[in-house]
Amino acid sequence: MEKSIFQFIWKYSKRNQLALTATTLLTFPILYVSLELPKRIINDAIGGTGEDVFLLAMKLSQTQFLMLLCVGFLLSVLANGLLKMHLNTMKGVLSERLLRRFRFQLVARMLKFPRSYFRTTSQGELVSMVTSEAEPMGSFMGNMLSQPVFQAGQMLTILVFLFAQSFWFGIASIALIPLQAWIIPKLQRQINVLNKERIKEVRKFAADIGETAAGVSDIRMNGGTRHRLSLFSNRLGNLFSIRFKIYQKKFFMKFLNNFINQLTPFFFYSVGGYLAIKGEVTVGALIAALAAYKDLSSPWKELLAYYNQTQDMALRWELVTERFAPTNLVKDTLFDGEPDTFTSLSRGIDLVHDKDGHLILEDISLTIPKGAFADILTREVTPQKGTVKIAGHEVNNLHQTVVSNRIGYASSKPYILGENLFMPFNYDPEDISVDVAVNQRLTSQSLHRYKPC
């Protein structure tokens, strides 16, 4: 699997990410217009001299000019909202597609795990990783490129507008940004360490629940109920302690961030009011600057939240993928597609050849435990040294389709019951297109039949 979540996203959605970015760029001119028009409405239309205004060779009264600017402002807000709606829909679809692919890869890798791996990894852990731990990654996958571009672009557009009103307005709006950019990531790194501990503790808790559910009768009959409950109490206490530390650091970070954000309006009211009294800026420009700064705080908060999210998702990716990458995993190429030829395995079996083909043991007698030999031939157990060859072909290099079709295996305790008999012949994926079409047709007929009054 990819080493980082960013490599995964870029590999499978490069074109979509670029398309989202292009759509994002269209919102910036409209945003600037929506910031400029209120100032024009206050200064030129409401605070005008009352004389007629010429616009594109058209003569307009002050009232007509006011209505035109108001309609233009309404259209700019509507266009900006529609573009955002389209952008968010595209990001949502892309997020679900990437999340679906990621979960499918995890399940596909799980089918390649050797049996020994499941002795140290519980089903509860695997279910938790594929479902709840992978879920938050979906929203990030659609926002990887468009989100920082959108928020940074909005922020730069607003800053350009503020500097256009007054140089000091621009300086006041960015004065405290370096402080936030330094202190917030430091606090977030501490929170990430605690989140890593929390995720590991939740996995252990899920494993304990799975073990308890599987052996509940033995626990009751052997008087282990109180001991088991004490283990759960200790586990829940650890979770509470970790979450409490997270809450302390998380809400202190929010308090500090909000306090710094509220310092800037203080400079606007004091310095901007002084400049307005001296006549160096208009009241309309001051009002527009205050409104623009309110809009500026939102993208800056989103950028900080995006940074925190990237750190969190990178941590989640590392924690999930490391559990789905055992050292003795069967090669992916032995499961992908179809084998070039269905190799015949009708000849003898060699067990003790090294990499150079030399015999390691000669003239020996041995006892193979029950089931071990079958596990070796079906590749459920791989030898630590030497190789196993059937008809001259190394078992570890045979395609899984060849192994399942050429080697029959009947367990005394089949898990999938009757399906095991025909399982080697069902290696082709099912064609569900017909079922989907039938379901869609039945659904449309039902909706038509039971159309509400």
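Worth saying up front: this structure is predicted, and the values here are computed from it rather than measured. Residue positions are given per chain, counted from 1 along the sequence in the order it is written. Side-chain atom pairs in this predicted model are given and counted only at pLDDT of 80 or more, local residue features only at pLDDT of at least 70, and totals for whole chains, interfaces and linings cover all residues. Side-chain descriptors were evaluated using all non-hydrogen atoms of the structure, hydrogens and water having been removed beforehand.

Asker: In this structure, what is going on with the environment of Trp 300? I would like to understand it.
Answerer: Think of it this way: any DSSP run of H or I at least four residues long counts as a helix, any run of E at least two long counts as a strand, and we number them from the N terminus. Inspection of the secondary structure assignment puts Trp 300 in helix 11 (residues 283-323). Placed 39 residues apart in sequence, Trp 300 and Asn 261 show a C-alpha to C-alpha distance of 9.7 Å. Only heavy atoms matter for contacts: two residues are in contact if any of them lie within 4.5 Å across the pair. If we skip the residues at most four places from it in the chain, Trp 300 touches Met 155, Ile 177, Gln 180, Ala 181 and Asn 261.

Asker: How should the nonpolar core be read in this particular structure?
Answerer: Side chains of nonpolar character tend, in soluble globular proteins, to be buried together. One finds Met 155, Ile 158, Leu 162, Phe 268 and Leu 296 to be the most contacted residues of the largest nonpolar core, which totals 32 residues. Among the elements of the structure, helix 2 (27-46), helix 6 (146-165), helix 8 (177-214), helix 10 (225-278) and helix 11 are those that each provide at least two residues to this core. The greatest single-element share of this core, amounting to 10 residues, is contributed by helix 11. In contact with Met 155, not counting residues within four places along its chain, are Ile 177, Leu 296, Pro 299, Trp 300 and Leu 303. For this analysis, a nonpolar core means a set of buried residues of the types Ala, Val, Leu, Ile, Met, Phe, Trp, Tyr and Cys, connected via side-chain atoms within 4.5 Å. Only protein chains enter the calculation, and the probe is 1.4 Å; a residue is then buried if its accessible area is under 20% of its type maximum, exposed if over 50%, and partly exposed in between.

Asker: Got a minute to help me understand the pattern of salt bridges in this structure?
Answerer: When the charged atoms of two side chains lie near each other, side chains of opposite charge can form a pair. The working definition used for a salt bridge is a side-chain nitrogen of Lys or Arg within 4 Å of a carboxyl oxygen of Asp or Glu. Counted under the stated rule, the structure contains seven salt bridges. Notably, a salt bridge pairs Glu 2 with Lys 11, separated by 3.2 Å at the nearest N-O pair. We classify Glu 2 as buried; its relative accessible area is 13%. A salt bridge links Arg 235 to Glu 201; the shortest N-O distance between them is 3.1 Å. Of this pair, Arg 235 sits in helix 10 while Glu 201 sits in helix 8, and the two are 34 residues apart along the sequence.

Asker: What is the right way to look at helix 7 (residues 167-174) in this model?
Answerer: Residues three or four positions apart in an α-helix share a direction because the helix packs 3.6 residues into each turn. Residues of helix 7 that are buried include every one of Phe 169, Gly 170, Ala 172 and Ser 173, and no others. Here the buried residues of helix 7 occupy an arc of 165° about the axis, which is enough to place them on one side. In the core, the buried residues of helix 7 are packed alongside helix 6, helix 8, helix 10 and helix 11. The directions from the helix axis to the C-beta atoms are what the arc is built from.

Asker: How should a nonpolar patch on the surface be read in this particular structure?
Answerer: Patch members must show over 30% relative accessible area and no salt bridge, and they are joined within 9 Å when carrying like charges or within 5 Å when they are nonpolar side chains of Val, Leu, Ile, Met, Phe, Trp or Tyr. For accessible areas, the Shrake-Rupley method is used with a probe of radius 1.4 Å. Any residue's cover is judged against the shown protein chains and nothing else. A cluster of nonpolar side chains, namely Phe 163, Phe 167, Trp 168, Ile 171, Phe 266, Phe 267 and Val 271, defines an oily patch on the protein surface of about 670 Å² accessible area. Assignment of secondary structure puts Phe 163 in helix 6.

Asker: Quick question: what am I supposed to make of the packing of helix 4 (residues 123-133) against helix 8 here?
Answerer: Each packed pair of helices is defined by two parameters, the angle between the axes and the distance between the axes. Contact pair helix 4 / helix 8: the axes reach a minimum separation of 8 Å and the direction vectors enclose 130°. Viewed along their axes, helix 4 and helix 8 adopt a mutual orientation that is oblique. In the packing of helix 4 onto helix 8, the handedness of the crossing is right-handed. Of the residues in helix 8, those touching helix 4 at Gly 124, Glu 125, Met 129 and Glu 133 are Ile 199, Arg 203, Ala 206 and Ala 207. Helix axes are fitted to C-alpha atoms over the stretch in contact, other axes to C-alpha atoms as well, and angles between N-to-C directions run from 0 to 180 degrees. Oblique is the label for every angle not falling under 35 degrees (roughly parallel), over 145 degrees (roughly antiparallel), or within 65 to 115 degrees (roughly perpendicular). What makes a crossing left-handed is the near helix being turned counterclockwise from the far one by less than a right angle; a clockwise turn instead makes it right-handed.

Asker: What is the right way to read the packing of aromatic side chains from this model?
Answerer: The relation between two aromatic rings is expressed through the spacing of the ring centres and the mutual angle of the planes. Two rings belonging to Phe, Tyr or Trp (six-membered ring only in the last case) form a pair when the distance between their centres is within 6.5 Å. Interplanar angles under 30 degrees mark stacking, angles over 60 mark edge-to-face geometry, and anything in between is tilted. By the definition in use, this model includes 12 aromatic pairs. Here Tyr 32 and Phe 161 contribute two aromatic rings whose centre-to-centre distance is 5.9 Å and whose plane-to-plane angle is 80°, an arrangement assigned as edge-to-face. On the criterion of sequence distance, the pair formed by Tyr 32 in helix 2 and Phe 161 in helix 6 is long-range, its members being 129 residues apart. Geometrically, the ring pair formed by Tyr 247 and Phe 251 is tilted, given 6.1 Å between the ring centres and 35° between the ring planes. Note that Tyr 247 and Phe 251 are positioned in helix 10 at a spacing of four residues, about one turn of the helix. On the accessibility criterion, Tyr 247 (42% relative accessible area) is partly exposed.

Asker: Would you explain the side chain of Ser 95 in this entry?
Answerer: The topology assignment puts Ser 95 in helix 3 (residues 62-110). Residues adjacent in sequence count toward polar contacts only when both atoms are side-chain atoms; beyond that, a polar contact is any pair of N or O atoms within 3.5 Å, and within protein one must be able to donate a hydrogen and the other to accept it. A polar contact is formed between the side chain of Ser 95 and the backbone nitrogen of Gly 142, at a distance of 3.1 Å. Other than its neighbours up to four places away in sequence, Ser 95 contacts Gly 138, Ser 139, Met 141 and Gly 142.

Asker: Explain the confidence of the model for the protein chain to me, please; I cannot follow it from the model alone.
Answerer: When pLDDT drops low, the exact placement of atoms in the prediction is not to be read closely. Confidence scores labelled pLDDT are given residue by residue by the predictor and lie between 0 and 100. Residue-level pLDDT values for the protein chain average 77, and 78% of them are 70 or greater. Mean pLDDT across the elements of the protein chain ranges from a minimum in helix 14 (residues 433-449), with 44, to a maximum in helix 1 (residues 5-25), with 90. Predicted confidence for residues 432-453 stays below pLDDT 50, and this span has zero contacts to residues more than four positions away or in other chains.

Asker: Sorry, what's going on with the side chain of Asp 312 here?
Answerer: Within the secondary structure, Asp 312 sits in helix 11. A relative accessible area of 16% places Asp 312 in the buried class. Setting aside chain neighbours within four positions, we find Asp 312 in contact with Asn 192 and Asn 195.

Asker: Looking at this model, I keep getting lost on the pairing of strand 4 (residues 387-390). Mind explaining?
Answerer: In regular strands, side chains alternate between the two faces of the sheet. At least two bridges found by DSSP between two strands is the condition for calling them paired. In this sheet, strand 5 (residues 393-394) lies alongside strand 4 in antiparallel orientation, the contact comprising two bridges. Residue pairing in the sheet places Ile 390 in a bridge with His 393 of strand 5.

Asker: I'm lost on the packing of helix 7 against helix 10 in this one. Help?
Answerer: Two numbers describe how helix 7 lies on helix 10: the axes approach to 9 Å, and their chain directions differ by 165°. One element, helix 7, and the other, helix 10, form an angle in the roughly antiparallel class. For helix 7 against helix 10, the interelement crossing comes out right-handed. Taken together, the residues of helix 10 that come into contact with helix 7 (itself represented by Trp 168, Phe 169, Ala 172 and Ser 173) are Thr 264, Phe 267, Phe 268, Gly 272 and Leu 275. Charged residues are taken to be Asp, Glu, Lys and Arg, nonpolar residues to be Ala, Val, Leu, Ile, Met, Phe, Trp, Tyr, Cys and Pro, and polar residues to be all remaining types, Gly included. Split into classes, the residues belonging to the contact of helix 7 with helix 10 amount to six nonpolar, three polar and no charged.

Asker: Just to check I follow, could you spell out helix 1 for this structure?
Answerer: Its 21 residues place the ends of helix 1 only 25 Å apart at the C-alpha level, less than the 30 Å of an ideal helix rising 1.5 Å per residue. Along helix 1, the largest kink reaches about 90° and is centred on Ser 13. Residues of helix 1 that are buried include every one of Ile 5, Phe 8, Ile 9, Ser 13, Gln 17, Leu 20, Thr 21, Thr 23 and Thr 24, and no others. Buried residues along helix 1 sit in contact with helix 2, helix 3, helix 5 (135-143), helix 6 and helix 11. A helix's residues, less one, multiplied by 1.5 Å, set its expected span. What we call the bend at a residue is the angle made by axes fitted to the seven residues finishing there and the seven residues starting there.

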